[in-house]
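Structure assessment
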Amino acid sequence: MKRTISVLLENRYGAFNRVSTLFSGKGFNIHSISIGETEMPDIARMTLVTSGDDKMMDQILKQLNRLIDTLKVVDLSRVNTVTRELALISVSYKKGNRAEITSLASMFKGKVVDITNRTITFELTGPPDKIDAAVNMLLPYGIIEVARTGTVALRRGEQVKLTPQQSESKGE
Amino acid sequence: MSNKKPVMNGAEIFFECLRREGVEHIFGYPGGAVLKIYEHLYDVDFLKHILVRHEQGAVHMAEGYAKASGKVGVVLVTSGPGATNTVTGITDAYMDSIPIVVFTGQVPSHLIGKDAFQEADIVGITRPITKHNFLVRDVRDLASTIKKAFYIAASGKPGPVLVDLPKDVINSKCEFEYPDNVELRGYKPVTVGNQSQIKKAAEMIKQAKRPLLYVGGGVICSNGFAELGILARENKLPVTMTLHGLGSFPMTDELSLGMLGMHGTYWANQAVTNCDVLVSLGARFDDRVTGKVDTFAKDAYKIHVDIDPAAIDKNVYVDLPIVGDVKNVMAELAAEISAPPELDEWWSTINGWKEECPLYYESGDGRLRTEYVLERLLDKTKGNAIVVSDVGQHQMWVTQYYQFVHPRSHITSGGLGTMGFSVPAAIGAHFARPDIPVLSISGDGGFQMNMQELITAAYHKLPIKFIIMNNSFLGMVRQWQELFHAEKYSFTDLSDSNPDFMKVADAFGCAGITTNSPKDVDDVIDQMMAINDRPVVVEFKIVREDMVFPMVPAGGSIGDMIVRRLDPNE
């Protein structure tokens with residue numbers, strides 16, 4: 001079963017690398033990682049999608065916590081979350097099926113962001129399974145390229161917050 | 001009064017930070033990227049720099065120093081090969097939770113990533129083998145980074161920290177200010193155990209019929225010897241120790257069952273297998289301890305005290321975790337157990353196992369064996385020495401036959417099993433504790449892996465006893481070949497390729513003594529102990545084909561030991 005973990009970490013040189021090194025060194029799975037700055041420029045949020053049994057999840061969370069650059073680790077699989085992914089999907093079209101492809105994409109609320117005389121590129125956002133479904137539906141028409149951001153997720157309502165002590169700037 | 005802060009260059013800041021951290025010894029080797037530091041070292045008088053012959057030696061010395069003293073060991077090396085040569089030592093320190101700080105030189109910032117001369121991405125290389133590491137990118141961050149490095153290395157679960165110092169950072173100047181405190185928002189080790197968990201643990205121990213304390217290196221890291229003594233003695237609890245736990249509780253005490261695990265005592269392993277409450281104190285359920293995990297203390301209620309939350313449930317699922325400093329937790333546990341459990345029956349069972357299968361080695365045939373040498377060493381030193389063992393058969397025999405009575409008197413490479421550890425680590429231990437004898441014990445294989453450091457010991461006239469248990473075999477590997485690999489002694493016989501160790505001793509400025517007879521052992525020990533103006537290399541030529549017993553085959557249950565070699569005539 002896939003699990004989503006949200007990690008707040010120091011937004012600095014090498015911090016992301018420590019997480020990926022940990023996952024490869026310990027043999028943990030990574031399905032996707034996305035990382036970006038938060039409202040605090042010195043803190044980054046990483047959303048990790050991993051899988052494993054409860055025992056492995058327990059170790060993943062503990063080992064992540066053990067890193068000195070991680071500030072907060074939350075298993076989002078245990079709470080109510082909003083989960084999104086963005087994808088760019090480029091599809092080839094022939095004379096006569098462009099409207100069909102566009103209407104299919106629009107069923108997934110896909111937006112046309114680029115078009116040439118042979119290809120059409122959609123932007124799609126939504127939960128990862130929606131992106132999977134769109135990709136599957138478009139596959140028969142001839143997908144040229146897909147770029148997916150990986151999952152980002154936040155807890156619904158209440159935020160995953162740092163303690164006041166943690167959010168103090170380190171002045172670095 | 002002026003509040004103006006002094007302006008210093010990176011090298012001056014480096015030494016001022018070391019001075020404030022109370023560093024007295026530094027193990028190092030100069031090179032291009034750290035020339036500025038060595039330029040200033042020339043005039044530094046508060047610390048002693050020990051010039052090694054290989055950077056791996058420097059790290060093992062720092063480890064030996066840290067283990068013997070409880071202080072942070074410090075290493076200084078140059079960039080590139082200087083840095084990469086530290087990798088084995090750093091990994092060793094990481095596996096065995098030894099607090100060291102390794103300073104590596106780095107090429108100037110503008111050359112990083114350009115494949116410059118003597119450039120290596122040592123921060124990248126050591127990321128999975130350090131507790132944390134830093135690349136200092138601005139001289140203004142240098143002081144606070146060094147402060148953090150020492151704090152991280154020594155606090156919580158200790159470990160190695162590496163600080164990479166680009167040449168231009170060391171050469172630039174800034175105002176010096178040393179922070180009083182370290183504030184790391186992502187790092188807050190938990191030192192106080194959960195009260196209700198401790199109460200529950202005390203209750204379980206009180207009600208236990210067959211309790212057992214399983215003690216690891218954490219008790220030594222936390223200096224919790226007195227607390228362990230009280231907890232064990234007030235309740236008459238049997239104590240078994242891991243390789244790194246040895247010395248935390250006197251092995252001569254009637255409550256000690258010795259070491260457990262693959263080459264542990266039969267009675268310790270039986271006690272683990274049959275106990276009803278297992279209290280793990282600063283130990284991590286290593287595979288050499290547990291054997292087959294499913295049968296390890298199968299029916300016991302398991303309590304796990306550890307400062308590292310990630311150690312809980314990592315290898316063995318436990319019933320009651322207590323995260324905290326084991327010293328504090330043991331004190332609270334002892335206070336909480338109001339009435340000691342009734343254990344007469346348990347003790348008579350344990351003593352039965354002891355009688356059933358005591359430690360045994362062949363003797364009386366006039367041939368020299370490690371076990372006998374160790375017994376004589378113990379008798380002559382009364383345990384008042386630091387014994388630094390290497391890796392292999394002799395290392396296991398040390399745990400069986402040298403009864404450690406003092407904390408920090410047993411130093412070895414456990415987790416990584418680094419051959420070549422003993423010679424340099426013994427040198428480090430001597431600098432930490434010049435007041436007591438240091439015995440380095442190696443096999444003939446491991447001795448040769450870092451024997452270049454003999455000259456380091458000789459130059460400083462250190463009276464270290466470098467003992468070689470020479471069976472001209474890579475003995476432990478040979479043992480596995482005999483037992484599990486069809487007696488194919490593939491590349492383990494060194495009899496045609498060993499050097500003359502007495503000539504080695506002489507060439508490196510050490511005294512040399514060699515014997516192959518049990519009759520000489522006492523004399524040899526007296527002679528070596530009497531040499532106090534230089535190191536001595538002592539070669540004991542031992543029986544070639546001996547094996548270490550008892551033994552749990554890899555992956556086997558620890559209750560299921562091979563206790564001695566099958567005699568074809570029996």
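Everything discussed here concerns the structure shown above.
Report follows, based on the coordinates. Within every chain, residues take consecutive numbers counted from 1 along the sequence as written. Going through the entries in the order they are written, you letter the chains from A and number the ligands from 1. In keeping with the predicted nature of the model, local features appear solely for residues at pLDDT of at least 70, side-chain atom pairs appear and are counted solely at 80 or more, and the whole-chain, interface and lining totals rest on all residues. For side-chain calculations, the full set of non-hydrogen atoms in the structure is used, while hydrogens and water are omitted.

1. Describing the overall build of chain B
Where helices and strands are cited, they refer to DSSP runs of H or I of at least four residues and of E of at least two residues respectively, numbered from the N terminus. If you tally the helices and strands in chain B, you get 23 helices and 20 strands. We compute the radius of gyration over the C-alpha atoms and compare it with the globule rule, which gives 2.2 Å times the number of residues raised to the power 0.38. Here the C-alpha radius of gyration of chain B, 24 Å, is about what a compact globule of 570 residues would show, namely 25 Å. Along the three orthogonal principal directions, the C-alpha set of chain B runs to about 75 × 60 × 40 Å. Note on exposure labels: buried denotes an accessible area under 20% of the residue type's maximum, exposed denotes more than 50%, and partly exposed covers the range between, all computed with a 1.4 Å probe on protein chains only. Looking at chain B as a whole, 60% of its 570 residues are labelled buried. For chain B, the proportion of contacts with a sequence separation of at least 24, taken over those separated by at least 6, is 76%. In these tables, accessible area is a Shrake-Rupley quantity obtained with a 1.4 Å probe, and a residue counts as shielded only by the protein chains included in the view. Just so you have it, chain B exposes about 22000 Å², and 50% of that area is on carbon and sulfur atoms. In this charge count, Lys and Arg are treated as positive and Asp and Glu as negative; neither His nor the chain ends contribute. Every charge is mapped onto a representative atom, which is NZ of Lys, CZ of Arg, CG of Asp or CD of Glu. When the 54 positive and 70 negative side-chain charges of chain B are each reduced to one mean point, those points stand 4 Å apart. Any two residues having at least one pair of non-hydrogen atoms within 4.5 Å are treated as being in contact.

2. Some remarks on the overall build of chain A
Each helix and strand in chain A was counted, giving 5 helices and 9 strands. For chain A, the succession of helices and strands along the chain, N to C, is β-α-β-β-α-β-β-α-β-β-α-β-β-α. Considering only C-alpha atoms, chain A reaches an extent of 60 × 35 × 30 Å along its principal axes. Counting contacts in chain A only where the partners sit at least 6 residues apart, residues at least 24 apart contribute 73% of the total. A total of about 9300 Å² of accessible surface is found on chain A, and carbon and sulfur atoms cover 52% of it. With 24 positive and 19 negative side-chain charges, chain A shows a separation of 4 Å between the mean positions of the two kinds.

3. Structural notes on the sheet that holds strand β6 (residues 132-135) of chain B
Residue and element names in this part refer to chain B. Read across the open sheet, the 6 strands follow the order β3-β2-β4-β5-β7-β6; overall the sheet is parallel. Only two strands of the sheet have a single neighbouring strand rather than two, namely β3 (48-51) and β6. Mean inter-strand twist for the sheet, computed between neighbouring axes without regard to direction, equals 20°. If DSSP finds at least two bridges between two strands, the strands pair. Bridge analysis of strand β5 (residues 100-106) against strand β7 (residues 160-166) gives 7 bridges, and the strand direction is parallel. Looking across to β7, one finds that V101 is bridged to V161. Note on geometry: axes are lines fitted to C-alpha atoms, helical ones only across the stretch in contact, with angles between N-to-C directions running from 0 to 180 degrees.

4. What to know about helix α23 (residues 521-530) of chain B
Residue and element names in this part refer to chain B. Looking only at α23, the buried set comprises V521, V524, I525 and M528. On an axial view of α23, the arc spanned by its buried residues comes to 100°, and they lie on one face. Buried positions along α23 lie against α16 (370-381), β17 (438-443), β18 (465-470), β19 (511-515) and β20 (536-541). The arc in question is the one spanned by the directions pointing from the helix axis to the C-beta atoms.

5. Notes on the sheet that holds β17(B)
Residues and elements named next belong to chain B. Overall, parallel pairing links the 6 strands, which are arranged β16-β15-β17-β18-β20-β19 in an open sheet. Strand pairing shows two members of the sheet lacking a second neighbour, β16 (410-411) and β19, which therefore form its edges. Pairing analysis gives 5 bridges linking β19 to β20, with the strands arranged parallel. In the sheet register, A511 faces β20, and the bridge partner there is V536. The sheet strands contacting α23 are β17, β18, β19 and β20, and the helix crosses β20 at an angle near 170°.

6. So, a nonpolar patch on the surface
All names here are of chain A. Patches draw on residues past 30% relative accessible area with no salt bridge. Two like charges within 9 Å are joined, as are two nonpolar side chains (Val, Leu, Ile, Met, Phe, Trp, Tyr) within 5 Å. Put simply, a salt bridge is a Lys or Arg side-chain nitrogen that is within 4 Å of an Asp or Glu carboxyl oxygen. A cluster of nonpolar side chains, L86, L88 and V113, forms an exposed patch at the surface whose accessible area comes to about 210 Å². Tracing the chain through its elements places V113 in strand β6 (residues 111-115). For V113, a relative accessible area of 41% puts it in the partly exposed group.

7. Considering the nonpolar core
Residue and element names in this part refer to chain B. In this text, buried Ala, Val, Leu, Ile, Met, Phe, Trp, Tyr and Cys residues form a nonpolar core when linked through side-chain atoms within 4.5 Å. Judged by nonpolar contacts, the single largest core of 94 residues is most densely connected at L213, L281, F296, I303, L377 and F540. The residues contacting F540, other than those within four sequence positions of it, are L368, V373, I467, I468, M469, N470, T515, V521 and V524. Ranked by size, the runner-up nonpolar core spans 50 residues in total, among them M61, V438, F501 and M502.

8. Description of the interface of chain B and chain A
With 25 residues of chain B in contact, the opposing surface of chain A contributes 25 residues. Note on chain B versus chain A: buried area summed over both sides is about 2200 Å², and carbon and sulfur give 48% of it. Buried area: the accessible area, evaluated with a 1.4 Å probe, that two parts lose upon being put together, summed over both parts. Per-residue buried area on chain B facing chain A is highest for R127(B), H132(B) and R185(B); these three make up 37% of the total on that side. Along the contact surface separating chain B from chain A lie 3 salt bridges. E10(A) is paired through a salt bridge with R185(B); the nearest N and O atoms lie 2.7 Å apart. Whenever a nitrogen or oxygen atom comes within 3.5 Å of another N or O atom, the pair is scored as a polar contact, on the condition that within protein one atom can donate a hydrogen and the other can accept it, and that pairs from neighbouring residues in sequence are kept only if both atoms are in side chains. One can count 7 residue pairs in polar contact (both at pLDDT 80 or more) joining chain B with chain A. Secondary-structure elements contributing two or more residues to the side of chain B that touches chain A are β6 and α7 (142-154) of chain B.

9. Topic: the pairing of β17(B)
Consecutive side chains along a regular strand alternate between the two faces of the sheet. Residue and element names in this part refer to chain B. For β17, the buried fraction is high: 6 of the 6 residues fall into the buried class. Burial along β17 is two-sided: the face carrying V438, S440 and S442 and the face carrying L439, I441 and G443 are both buried. Relative to β17, strand β15 (residues 386-389) runs parallel, the two sharing 4 bridges. By the bridge assignment, V387 is partnered in β17 with L439.

10. Re unusual backbone geometry
Residue and element names in this part refer to chain B. Residue P550 is reached from F549 by a cis peptide bond, and omega for that bond is 0°. By the secondary structure assignment, P550 is in the segment after β20. We note that N223 has phi near 55°; this positive angle belongs to a residue other than glycine. Even without being a glycine, E487 presents a positive backbone phi close to 55°. Note on placement: E487 falls in the loop between α21 (475-484) and α22 (501-507).

11. Some details on the environment of E332(B)
Residues and elements named next belong to chain B. Checked against the element boundaries, E332 lands in helix α14 (residues 326-336). The exposure class of E332 is partly exposed, given its relative accessible area of 22%. Through-space distance from the C-alpha of E332 to that of L231 is 9.3 Å; in sequence the pair is 101 residues apart. Each residue touching E332, except ones within four places of it in the same chain, is listed here: Q195 and I198.

12. As for the pattern of salt bridges
On inspection of all chains with the given rule, the structure shows 37 salt bridges over all chains. One salt bridge connects E21(B) with K147(B), and the closest N-O pair in it is separated by 4.0 Å. Of this pair, E21(B) sits in the loop between α1 (10-20) and β2 (25-28) while K147(B) sits in helix α7; the two residues are 126 residues apart in sequence, bridging distant segments of the chain. With relative accessibility at 27%, the residue E21(B) sits in the partly exposed group. Beyond isolated ion pairs, a larger network of salt bridges with shared partners links R3(A), D54(A), D75(A) and R78(A).

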